[in-house]
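The lines below spell out each chain.
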Amino acid sequence: MASFAALAALLLAPLPSLAQAQPAPAPEQVATAPSSASASSAAHQSTLANGLTLIVLPDRRAPTALQMLWVRAGSMDEVDGQSGLAHVVEHMLFKGTPTVPEGEISRLVAAMGGRDNAFVSRDVTSFHQQIPAARLPDVMRLEADRFAHNTWPDDAFWREMQVIKEERRQMVEESAQARMFEVFMASAWLAHPYRRPIVGWMSDLLSLQPDDARAFYQRWYVPGNAALVVVGDVDVAQVRAWAERYFGAIPARAVPERKPQTEPEQRGTRRIEYIGRTDRPLLVMGYKVPQLAHPDATDAASTDALALLLLAGVLDGHSAARLERQLVQGAVGRRVAQEVSASFGYLGRGPQLFLLSGTPAPGVSPAELEAALVAEIARVAREGVSEAELRRVRNQWLAAEVFQRDSLFAQARLLGSYWAQGWPVDSSERLMRRLSAVTPQQVQAVAARHFSPQRLTVGLLLPEQAP
Amino acid sequence: MKTLGLRCGPWAVILGAMWLALAVPGAAQAAPAIEHWVQPSGARVHLVQTAALPMLDVQIDLDAGSRRDPAPQAGLAQTTAALLRAGVQAHGERAALDENALAEAWADLGAQFSASATRDRLSLRLRTLTQPDLLQATQDLLAQQLAAPAFAAPVWQRERQRWVARWQQGQTEPEVLAEQLLHAAVYGAHPYGQQARPETWAAIEAEHARAFWQRHAQACSARVTLVGAISRERADALVRELLAGWQGHGCTALPPVPEVQALAQGRLIEQPFAVAQTQILIGQPGLARRDPDFLAFMVANQILGGSGFSSRLMQEVRERRGLTYDIHSRFVPGRHAGAFVVATTTQPQRAAQALALVQEEIRRFVADGPTQAEMEHAQAALINGFGLRLDSNRELLQEVAALAWHDLPLDDLQTWGARVAALERAQVHRALQRVLQPERMVTVVFGGPAP
């Protein structure tokens, strides 16, 4: 089934034309923010005896509920020669248990009036069901069953591998942009497993064996490596009791050792080209920048990462932000780009890139667009940013935090993502407090400090030339 | 206009929110309380008060979708919608704002405004916090924008260039090209089939968008839907202020639009193209939202290919044979009969096998109808899933706005479960046979070797 959301989020969303810096901030008293209780701080986190984490957030607006089971195992937990395996295992979780036949879980959830799906990212695998709240114990029982007892014959594996190869063809091979981005990531990272595509290289998909999938499942699907997130019209104590009953019986097992696979320092620009079926060039620039260790971390790298988040907002937070105004509208004197974007992913178990990307305007070369993007960073480093620019970005994030609480799915996804990082459930508030304290001088300083060409990887998609 | 059907591709998350929502037998149908009134201007207002979150969603729907485009200016409705963000003129005591000042004003408020045109509707959407001072400031800004959009010519010159570039990029993408071929063949000369192209954008100037706006932005035919933390009195005042600038636009009836013509014969369109996957699309006109068979056909589509993993097409084509990652059926019930489409992709070497299988499944389904077990499963899923359809302000807005747009009874949502439960297999089969003619469908096979 389907890693729809994650493939969209991580194979497609990271595509430069779609990338947006959209941190998920928290409600707080700043200028225009409403004085409302924050959503995430109302979440309750606890741990079962076998090590499984339980996070429950009551939201009683409607008689519905959402269950999301998170496993801290994504494509970064694969090894070479087995790329795509986390995603394959996610598909196989729909192939049954000794008591629930293949496909039955989706049929049962549908009959309840529910929807179910799953996704895989570089960092995690997540399974979810939205159901009428009264059916929550039923889906908890089903989810616990397949977490502990997923079993299928080889035949089911071979059939599903056909589907997964079609998925790769549809999502990656048919898209020149996606294929360029695959090569870009494989070049930006040498030692770190983020270099592998989530869906896997085709050669690996052709050689994976049923026992590879069984071994990955055995290794990583252990209670101490998982979290159950429940959001909706539920009672915290009741959900805890159900979790004890259905998940508590799963025996504790050791969480496997993880190798650090630390990326060595980059000392020089890397450039790749991909020639593909496209009408126009696409430029992607990725800088290795510091990462936020924890919402409360005050080390230099974490402090700089917070300022980088605001920098991305100042560059590309709305349709009158700097990149759009300067490069697309042509405030620099002429139009340089048709589309342009900046983004910084602060959530991730591995290292993150600050991405700048764009498509050149007619008559503009990719090199000129690259120079113009670099010049905008340099301008921030030289002239700084205004307090009004920062306030505008923060006000949007504050309002977006309230808007996000309209969606059970968005709330559960955020809570699961924080857990995957080892962050607390109220990380949104903590982050927004930190972001509110970032000064224009700090934003200027990170623009000056972290955009060295030595730490840059450039990807360029170019059209095929007519023969 | 809304696409029905769960698509098991990357869009599943978006479309999935639509129609799978329902009812443990015996569960109460907690439909929202909809307040409805008509303002002196003629604007029809629908309000659902939800107090839990300090936010408000507003949608204003105008009879200004692309079906109103003059054929040589296909794309005019979308141009008009886009240019609403291209700055505002001075209005009352408020100064003019260029496109950037306008965007900054929205960002400062943390509020979101969008305008878009589909085949039927030009939709204006607002999402804002409801703190009184913020709400007032948002109201003032949007009222100015709706009363005095600048339709700035330089902005259109630039945006047109970007749209043409995006269109040219689309001409390298099999999915886009295949859809273009299908829609042209299904709709023929009907306005639903009009597709904007560089030469039709070239025929549009900013002044055309202004004239289109003044002709179609009429309070007397507008539907305004509000969902959020707002009283009826405040909502009424808000809507009056937002539409106040349209008094000068008058209220003259728009010409009727003809119905989509049924296809006279089947047609196979094969297009060679170097691809990783062959795109297979099979379609024909479906039915209008107010068609008496709408509900029965919706259930039929659910069973055939509109319900994700339990649908027939998914089971036969993906789960049993591994021919594809994504196969679904969908239909677009607008004021006219939007297209019914079955879509899938597969590696070129297996395209012939997939096509034959899909055609046979459609033929068999129309000939034999759903089984009793399929009927019961689909009805349970729909009825039990009703609550999931309405568990956020965003979804409530979409459902109530659709109800308003199609002039459905106010209790349409309350009675929906009972009406689905009352459907019988024979009734669904009759609707299926009335709407679908497998021998007269358009088939597009895009890319790869001919089957």
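Here the structure is a predicted model, which is why all the values come from computation and not from measurement.

Visitor: Break down the overall build of chain B for me, with residues and values.
Guide: Across its full length, chain B carries 16 helices and 11 strands. When its C-alpha atoms are laid out on the principal axes, chain B stretches across 65 × 55 × 35 Å. Looking at chain B as a whole, 55% of its 451 residues qualify as buried.

Visitor: Tell me about the overall build of chain A, and name the residues and values.
Guide: Across its full length, chain A carries 16 helices and 11 strands. Over its C-alpha atoms, taken along the principal directions, chain A stretches across nearly 70 × 60 × 40 Å. Out of the 467 residues belonging to chain A, those deemed buried represent 57%. Across chain A, every contact between residues at least 6 apart in sequence was considered, and the portion connecting residues at least 24 apart equals 80%.

Visitor: Give me the lowdown on the packing of helix 2 (residues 85-92) of chain A against helix 5 (residues 154-173) of chain A, citing residues and values where you can.
Guide: Residue and element names in this part refer to chain A. Where helix 2 meets helix 5, the axes come as close as 10 Å, and the angle between the chain directions of the two elements is 120 degrees. Relative to helix 5, the element helix 2 lies oblique. Along this stretch, helix 2 crosses helix 5, giving a crossing that reads as right-handed. On the side of helix 2, the interface is formed by Val88, His91 and Met92, while helix 5 contributes Phe157, Glu160 and Ile164.

Visitor: Account for the domain arrangement of chain B, naming residues and giving values.
Guide: Residue and element names in this part refer to chain B. Taken domain by domain, chain B consists of domain 1 (12-27 + 259-446) and domain 2 (43-249). On a C-alpha basis, the centres of domain 1 and domain 2 stand 29 Å from each other. Taken residue by residue, the interface counts 29 residues in domain 1 and 28 residues in domain 2. When residues of the side of domain 1 that touches domain 2 are traced back to their parent elements, those giving at least two are strand 7 (267-271), strand 8 (278-285), strand 10 (337-346), helix 14 (393-405) and strand 11 (442-446). When residues in the side of domain 1 that touches domain 2 are grouped by element, the largest group, eight residues, is from helix 14. Across the side of domain 1 that touches domain 2, the residue classes tally to 17 nonpolar, nine polar and three charged.

Visitor: Provide a residue-level description of helix 3 (residues 99-109) of chain B, including the pertinent values.
Guide: Along helix 3 of chain B, the residues classified as buried are Glu99, Leu102, Ala103, Ala105, Trp106, Ala107 and Leu109 of chain B. Taken together, the buried residues of helix 3 of chain B touch helix 13 (387-404) of chain A together with strand 4 (112-117), strand 5 (122-129), helix 4 (132-147) and helix 5 (153-170) of chain B. Trailing helix 3 of chain B by a residue or two, Gly110 of chain B shows a phi angle of about 70 degrees, which is positive.

Visitor: Run through the environment of Ala445 of chain A, naming residues and quoting values.
Guide: Note on placement: Ala445 of chain A falls in helix 16 (residues 440-449). Of the residues examined, Ala445 of chain A has 17 C-beta atoms within 10 Å and is grouped as partly exposed.

Visitor: Tell me about unusual backbone geometry, and please be specific about residues and values.
Guide: Despite not being glycine, Phe151 of chain B has its phi angle at roughly 45 degrees, a positive value. In this fold, Phe151 of chain B is placed in the loop between helix 4 and helix 5.

Visitor: Run through the interface of chain B and chain A, naming residues and quoting values.
Guide: On the side of chain A, 57 residues touch chain B, which itself brings 66 residues to the contact. Counting only elements with at least two residues in the side of chain B that touches chain A, the list comes to helix 1 (12-15), helix 3, strand 5, helix 5, helix 11 (312-319), strand 10, helix 13 (372-384) and helix 14 of chain B. In terms of residue count, the dominant contributor to the side of chain B that touches chain A is helix 3 of chain B (six residues). Of the residues belonging to the side of chain B that touches chain A, the class tally is 33 nonpolar, 23 polar and 10 charged.

Visitor: I'd love a proper account of the sheet that holds strand 4 of chain B, names of residues and values included.
Guide: All names here are of chain B. One open sheet holds the six strands; their spatial order is 1-2-6-3-5-4, and the pairing between them is mixed. At either margin of the open sheet sits one strand with a lone partner, and together these are strand 1 (35-38) and strand 4. Pairs of neighbouring strands in the sheet enclose a mean axial angle of 15 degrees, with direction left out of account. Where strand 2 (residues 44-49) lies against strand 6 (residues 223-228), six bridges are found, and the strand directions are parallel. Paired with Val48 across the two strands is Val227, which belongs to strand 6.

Visitor: Explain the domain arrangement of chain A to me, using residue names and the numbers behind them.
Guide: Residues and elements named next belong to chain A. Domain assignment breaks chain A into domain 1 (4-246) and domain 2 (270-463). Contacts between the two partners involve 52 residues from domain 1, matched on the other side by 58 residues from domain 2. Looking at the side of domain 1 that touches domain 2, the elements that each hand over two or more residues are strand 2 (53-58), strand 3 (64-71), strand 5 (125-132), helix 6 (176-188) and strand 6 (226-232). By residue number, the principal contributor to the side of domain 1 that touches domain 2 is helix 6, which donates nine residues. Looking at side-chain class alone, the side of domain 1 that touches domain 2 contains 31 nonpolar, 15 polar and six charged residues.

Visitor: Tell me about the pairing of strand 11 of chain B, and name the residues and values.
Guide: All names here are of chain B. Taken across its five residues, strand 11 has five buried, putting it largely inside the fold. Residues Val442, Val444 and Phe446 line one face of strand 11 and the alternating positions Thr443 and Val445 line the opposite face, and both faces are buried. In this sheet, strand 11 lies alongside strand 7 in parallel orientation, the contact comprising five bridges. For Arg267, the partnering residue across the bridge sits in strand 11 and is Val442.

Visitor: How would you sum up the sheet that holds strand 9 (residues 327-333) of chain B? Please name residues and give values.
Guide: Residue and element names in this part refer to chain B. The sheet built from five strands is open, its strands ordered 7-11-8-10-9 with mixed pairing. A strand with exactly one partner marks an edge of an open sheet, and here the two such strands are strand 7 and strand 9. On average, adjacent strands in this sheet sit at an angle of 15 degrees to one another, irrespective of strand direction. Bridge count between strand 9 and strand 10: six bridges; the pairing is antiparallel. Paired with His328 across the strands is Ala343, a residue of strand 10. Strands in contact with helix 6 (residues 174-187) are strand 7, strand 8, strand 10 and strand 11; relative to strand 11, the strand with the most contacts, it is inclined by about 160 degrees.

Visitor: For the environment of Leu323 of chain A, give the residues involved together with the corresponding values.
Guide: All names here are of chain A. Along the chain, Leu323 turns up in helix 11 (residues 322-328). With 24 C-beta atoms packed within 10 Å, Leu323 lands in the buried category. Spatially, the C-alpha atoms of Leu323 and Gly358 are 9.9 Å apart, while their sequence positions differ by 35 residues. Once residues lying within four places of it in the same chain are set aside, the contact partners of Leu323 are Leu315, Asp316, Val340, Ala342 and Glu376.

Visitor: Describe the packing of helix 10 (residues 294-306) of chain B against helix 16 (residues 425-435) of chain B, with residues and values.
Guide: All names here are of chain B. Interhelical geometry of helix 10 versus helix 16 gives an angle of 90 degrees and a closest axis separation of 8 Å. The angle between the axes of helix 10 and helix 16 places the two elements in the roughly perpendicular class. Across from Ala296, Phe297, Val299 and Ala300 in helix 10, the residues of helix 16 making contact are Gln427, Val428, Ala431, Leu432 and Val435. Of the residues contributing to the contact of helix 10 with helix 16, the split by class is eight nonpolar, one polar and no charged.

Conventions adopted
- Residues numbered from 1 in each chain as written.
- Chains lettered and ligands numbered in written order.
- Predicted model: local features only at pLDDT ≥ 70, side-chain atom pairs only at ≥ 80, totals over all residues.
- Helix = DSSP H or I, 4+ residues; strand = E, 2+ residues; numbered from the N terminus.
- Buried ≥ 20, exposed ≤ 12 C-beta atoms within 10 Å, placed from the backbone.
- Contact = placed C-beta atoms within 7 Å.
- Axes fitted to C-alpha atoms, helices over the stretch in contact; angles between N-to-C directions.
- Parallel < 35°, antiparallel > 145°, perpendicular 65-115°, else oblique.
- Left-handed = near helix turned anticlockwise from the far one by under 90°.
- Domains from an automatic or database assignment.
- Nonpolar A, V, L, I, M, F, W, Y, C, P; charged D, E, K, R; others polar.
- Pairing = 2+ DSSP bridges.

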